[in-house]
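Geometric and topological summary
Okay, here's what each chain looks like letter by letter:
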Amino acid sequence: MNPFSSGTRLRDMIRAIRACKTAAEERAVVRKECASIRAAISENDQDYSHRNLAKLMFIHMLGYPTHFGQMECLKLIASSGFPEKRIGYLGLMLLLDERQEVLMLVTNSLKQDLNHSNQYIVGLALCALGNICSAEMARDLTPEVERLLQTRDPNIKKKAALCSIRIIRKVPDLAENFMGPASSLLKEKHHGVLIAGVQLCIDLCKASTNALEYLRKNCTEGLVRILRDVSNSPYAPEYDIAGITDPFLHIRVLRLMRMLGQGDADSSEYMNDILAQVATKTESNKNAGNAILYECVETIMGIEATSGLRVLAINILGRFLSNRDNNIRYVALNMLMKAVTVDSQAVQRHRTTILECVKDSDASIRKRALELVFLLVNDTNVKSLTKELIDYLEASDQEFKGDLTAKICSIVEKFSQEKLWYIDQMFKVLSLAGNYVKDDEWHALIVMISNAPDLQGYSVRSLYKAFQTSNEQESLVRVTVWCIGEYGEMLVNNVGVLEMEEPITVTESDAVDVVEVALKCHSSDITTRAMSLVALLKLSSRFPPTSERIREIVMHHKGNVELELQQRSIEFNSIIQRHQNIKSSLVERMPVLDESAYIGKRAGSSQATLSADKSSQPTSSGASSLKLPNGVTKPPASPLVDLLDLSSDDAPVSTSSTTEFLHDLLGGDLISPAPSGGGGTDILMDLLSIGSPSASTDIPVPNTISSKQGNAREPKIAPAPVMDLLDGLPSRNENPVYPSIMAFESSTLKITFSFTKQPGNPQVTVIQATFTNLSSSAYTDFIFQAAVPKFIQLQLDPASSSTLPAGGSGTITQMLTVTNSQHGQKALAMRVRMAYKVNNQEKLEQGQIDNFPPGL
Amino acid sequence: MIHFVILLSRQGKVRLTKWYSPYSQKERTKVIRELSGLILTRGPKLCNFVEWKGYKVVYRRYASLYFCMCIDADDNELEILEIIHHFVEILDRYFGSVCELDLIFNFHKAYYILDEILIAGEFQEPSKKTVARLIAAQDSLVETAQEQASSISNMIGQATK
């Protein structure tokens, strides 16, 4: 026995490895074998190199590194025997890939073998070349391959043809060398050669337009003849598959025809008849037949076919769609997606079948079908399609629900013509799959509702009903809670009932119940709870009798772990308890959200959370829609932003970012609170002050400046100080340092100013202005404006109300803050202007105030 | 074109791989792992096509082996199913009722057969008879060569004893 033999035969090694129970055992066996193989290689052992390489290949397939065997492959290839070459080439193809430089060393051996007298060795070389050659090797060996294309042996010929395909792919410049030989291959009889030749032509067409035209001119006729012959050929046992002679050849030829006929009417016409024949004659009960039909339909769609042919193709696809075989249906859906661009009408006819496929049990088919349905939606069929999809939404399984929901929402949005329909569909989707609805989508819904005042009553009632059954759907809960908060009184008073609605009676307490459930439910997350708290606040204003109960519910969260909820709970409690006078104006109806701006900003806005509800819009009768800045939002870190968000950092927040967000969500030209020239724009001011000292503002002020209840609320983190601040407010002017003055008096109006100064800030004076109506008619839309000299800065807080009852029976108060930069040198002075409506007439009064106490 | 062919056992063991596009060793392992996860978990009633990274992988299960071929997105999937079946039938004829064990112990022969069916990721020979004939011819070449070699080594062995 050869002393260098590795002992085990291939079979034994395999058996040994398979017998290993653990990975460690296997590693040990492999290591041992590798060691002996390595020894054999270094000793240049010839006898067992064949077996060693086979072993190495097996080890490689297990996943172990085997680079030391690469040179061995080269040696084996270079040896003279057929078995060695055979295993050597196999090893080459398995252990190396084209990117390794070792491959270059094989070029010489390959060249010799390509010229070998033994045709099987030539075959080996061609095979290896065709599978892994690199671009340089391709270039070097092209002459050999070209020569071999002309040989008589069909085995070599077909291998050479396939090898040329690889050459062309690696070096497209060489494509034109093969044009002539390729077209002559098509005249062969041997099927293997024909298939290889057709494939070579296909790749030539892809690589070079010259080749494409050459082949189109010279080969179209021949191709049609080949297809006709094989299609009409009698039973040929050698090539028969499922009753069809050589389906592979059919398919290749069809594919080449597609490339030649594309964009060329003449060749397309020439192919017409044979395509029709294949399309109608081919049996479609076996996969082979269907494969041919599939390729045929692709070709018909790809060339300039007659309409008759196209109809034929779509019908075949329609038949495919109803086939029970999943593969066929998948393939049909794929094709239909391409066909939609070509002939949408025809595809529409199969809409029902496609809809059926959306409900299929196979995930790949469902996905394809859904995409196809999406492409098919148009204005006429959108309603029925949506209905079908929503019906299916109920039954679909979890992974699919997300996709389906997203698609339904985008269809509904894109194609909705009536708001009522859109709202209805969205409600259904929310009820069925609210948890999958993305934030964008339910926000859009809310924007839509706020823009549809006649549907608001309907919306809130529908949501109420839906909530009773589907309150586990998070988004549904959120939208419901928001709507109940906003439109609660419509719910209870059955406002705006539409014709087809069933009447329901909802008491105030029922409405509060809903929000309470939402708040307390375990599955509600923070956003939902925060929204619920806000809604409760609104309801406490809209339904005064429930106020106490609501307060208790809200107080329940006083100690909540979540900061946001805790904060809101305490603040709202305070509002409910102590500040009834401002409560109603705080939570009045939100202004209409600007749809177009919202939709436009949707893509960019990362915080697509609702803006604060905190708008109070004094809705004096018949007032034009006043746009107000809503709650200022935190800088875009927290997702919980905004509903009633008042947290201010100690440093003043820059107006621009916050108001930009406000603009985003409320659209249009909101009143950006006038930043007092230069000085820190206190968040408080942003929120509440809409005074417009004409000197300092450059931000567009709309025609009506509404005034908002000003409570300088500076929420702090700890609850107690908040209380204090809120408590402290009304009594702000308890200890006036300076005497109050009668700032302005006319026959119809009286204004008094009272002053406070903060101890550390001598330049700043806080003025409380009190307005009294001296006439016998009430004033509405009362607006106070003031102007100051340049050395003074003025900030106006919103007034307590804009209605001044007659005869002094009530007053309006408004806080002003003036900063005198020349304190001590110049006294305060102010020009004032009051605008209001009395008896539906506009009136204006103005004056100058010079009687400020000195030292301010 | 066909980018690669992989034969997987039900447990995810690789029985045969053939790569017609450049994939480094690392990439190959990664691909195999991904596709194993994707294909082995599919139920029996589902269609035989999976979309993967912009390609399509056509697979079919024969007994305990999954035959997978990765093709371009615009290739004819149904044809690939036929090619897979063609390959399996030839293997069956060659080994006589082929089973997974045959492919494990004679993997090199399986490769030789595959090389007669596909080159450069394209289909080569539609006639099972031709393929069988070519393989048989090459096998007999190998046998004759080995007989000669063993008889020579016998003589040498005897001479050097």
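Before any of the text, the structure's been laid out above.
Let me begin by describing the structure that accompanies this report.

Rules of the game
Residues numbered from 1 in each chain as written. Chains lettered and ligands numbered in written order. Predicted model: local features only at pLDDT ≥ 70, side-chain atom pairs only at ≥ 80, totals over all residues. Heavy atoms only, no water. Helix = DSSP H or I, 4+ residues; strand = E, 2+ residues; numbered from the N terminus. Contact = heavy atoms within 4.5 Å. Buried < 20%, exposed > 50% of the residue type's maximum accessible area, 1.4 Å probe, protein only. Pairing = 2+ DSSP bridges. Salt bridge = Lys/Arg side-chain N within 4 Å of Asp/Glu carboxyl O. Polar contact = N/O pair within 3.5 Å; in protein donor to acceptor, adjacent residues only side chain to side chain. Phe/Tyr/Trp six-rings, centres within 6.5 Å; stacked < 30°, edge-to-face > 60°. Buried area = accessible area lost by both parts, 1.4 Å probe. Nonpolar A, V, L, I, M, F, W, Y, C, P; charged D, E, K, R; others polar. Axes fitted to C-alpha atoms, helices over the stretch in contact; angles between N-to-C directions. Expected span 1.5 Å × (residues − 1).

What chain A contains, in helices and strands, is 35 helices and ten strands. Taking as baseline every contact in chain A between residues at least 6 positions apart, the subset at least 24 positions apart corresponds to 68%.

It is worth spelling out the overall build of chain B at this point. Of the regular secondary structure elements, chain B holds five helices and seven strands. The order of α-helices and β-strands along chain B, N terminus first, is β-β-α-β-β-β-α-α-α-β-β-α. Excluding contacts between residues fewer than 6 apart, the proportion of contacts in chain B whose partners are at least 24 apart in sequence is 45%.

Looking now at the pairing of strand 9 (residues 830-838) of chain A. All names here are of chain A. Alternating residues of strand 9 divide into Met830, Val832, Met834, Tyr836 and Val838, all buried, and Arg831, Arg833, Ala835 and Lys837, none buried. Strand direction decides the pairing type here: strand 6 (residues 779-787) and strand 9, joined by seven bridges, are antiparallel. By the bridge assignment for strand 9, Phe784 is matched with Met834. Two strands pair when backbone bridges link them, and strand 9 and strand 10 (residues 841-849) are joined in this way by nine bridges, in the antiparallel orientation. Opposite Met830, over in strand 10, you have Ile849 as the bridge partner. Between strand 9 and strand 10, which pair antiparallel in sequence order, lie two residues; one of them, Asn839, sits at a positive phi of approximately 50°.

Let's shift gears to the pattern of salt bridges. Taken as a whole and judged by the stated rule, the model has 35 salt bridges over all chains. Between Lys159 of chain A and Glu116 of chain B there is a salt bridge, with the nearest N and O atoms lying 2.8 Å from each other. Here Glu116 of chain B lies in helix 4 (residues 107-117) and Lys159 of chain A lies in helix 9 (residues 154-170), a pairing that spans two chains. For the pair Lys159 of chain A and Glu116 of chain B, a shared accessibility class is recorded, and that class is buried.

This next bit is on the environment of Glu413 of chain A. Residue and element names in this part refer to chain A. Counting through the fold element by element, Glu413 comes out in helix 22 (residues 398-415). Looking at Glu413, the relative accessible area reads 29%, which means it is partly exposed. Placed 28 residues apart in sequence, Glu413 and Glu441 show a C-alpha to C-alpha distance of 8.8 Å.

Considering the arrangement of structural elements, one finds Arg255 of chain A in helix 13 (residues 247-261). Within polar-contact distance, the side chain of Arg255 of chain A engages the side chain of Glu295 of chain A at 3.3 Å. Those residues in contact with Arg255 of chain A, other than ones at most four positions away along the chain, are Ile202, Glu295 and Thr299 of chain A together with Asp75, Asn76 and Glu79 of chain B.

Moving on to the packing of aromatic side chains. Residues and elements named next belong to chain B. Evaluated as defined, the whole model comprises 20 aromatic pairs over all chains. With centroids separated by 5.6 Å and ring planes inclined at 90°, the aromatic side chains of Phe4 and Tyr23 adopt a geometry described as edge-to-face. Residue Phe4 is found in strand 1 (residues 2-9), and its partner Tyr23 is found in the loop between strand 2 (14-19) and helix 1 (25-40); the two are separated by 19 residues along the sequence. Comparing Phe4 with Tyr23 shows no difference in burial state: the two are buried. Here Tyr94 and Phe95 contribute two aromatic rings whose centre-to-centre distance is 5.0 Å and whose plane-to-plane angle is 85°, an arrangement assigned as edge-to-face. On the basis of relative accessible area, Phe95 is assigned to the buried category, the value being 18%.

Below, the discussion takes up the interface of chain B and chain A. Facing the 61 residues of chain B at the interface are 67 residues of chain A. Buried area between chain B and chain A, both sides added, is near 5,800 Å², and the carbon and sulfur share of it is 56%. Remark: the boundary between chain B and chain A carries eight salt bridges. Among the elements of the structure, strand 2, helix 1, strand 3 (49-52), helix 2 (77-95), helix 3 (100-105), helix 4, strand 7 (122-123) and helix 5 (128-160) of chain B are those that each provide at least two residues to the side of chain B that touches chain A. Here the side of chain B that touches chain A takes twelve residues from helix 5 of chain B, the largest share from any one element. The class makeup of the residues in the side of chain B that touches chain A is 29 nonpolar, 13 polar and 19 charged.

Attention now goes to the sheet that holds strand 4 (residues 55-62) of chain B. Residues and elements named next belong to chain B. One open sheet holds the five strands; their spatial order is 2-1-5-4-3, and the pairing between them is antiparallel. The open sheet has two free edges, formed respectively by strand 2 and strand 3, since each of these has just one partner strand. Looking at each pair of strands side by side, their axes are set apart by 20° on average, direction ignored. With seven bridges joining them, strand 4 and strand 5 (residues 65-71) adopt antiparallel strand pairing. Paired with Arg61 across the two strands is Tyr66, which belongs to strand 5.

The subject of this paragraph is helix 28 (residues 526-542) of chain A. Taking 1.5 Å of rise per residue, 17 residues should cover 24 Å, and helix 28 of chain A covers 24 Å from first to last C-alpha, within 8% of that figure. The buried fraction of helix 28 of chain A amounts to 15 of the 17 residues, a majority that puts the element mostly inside the structure.

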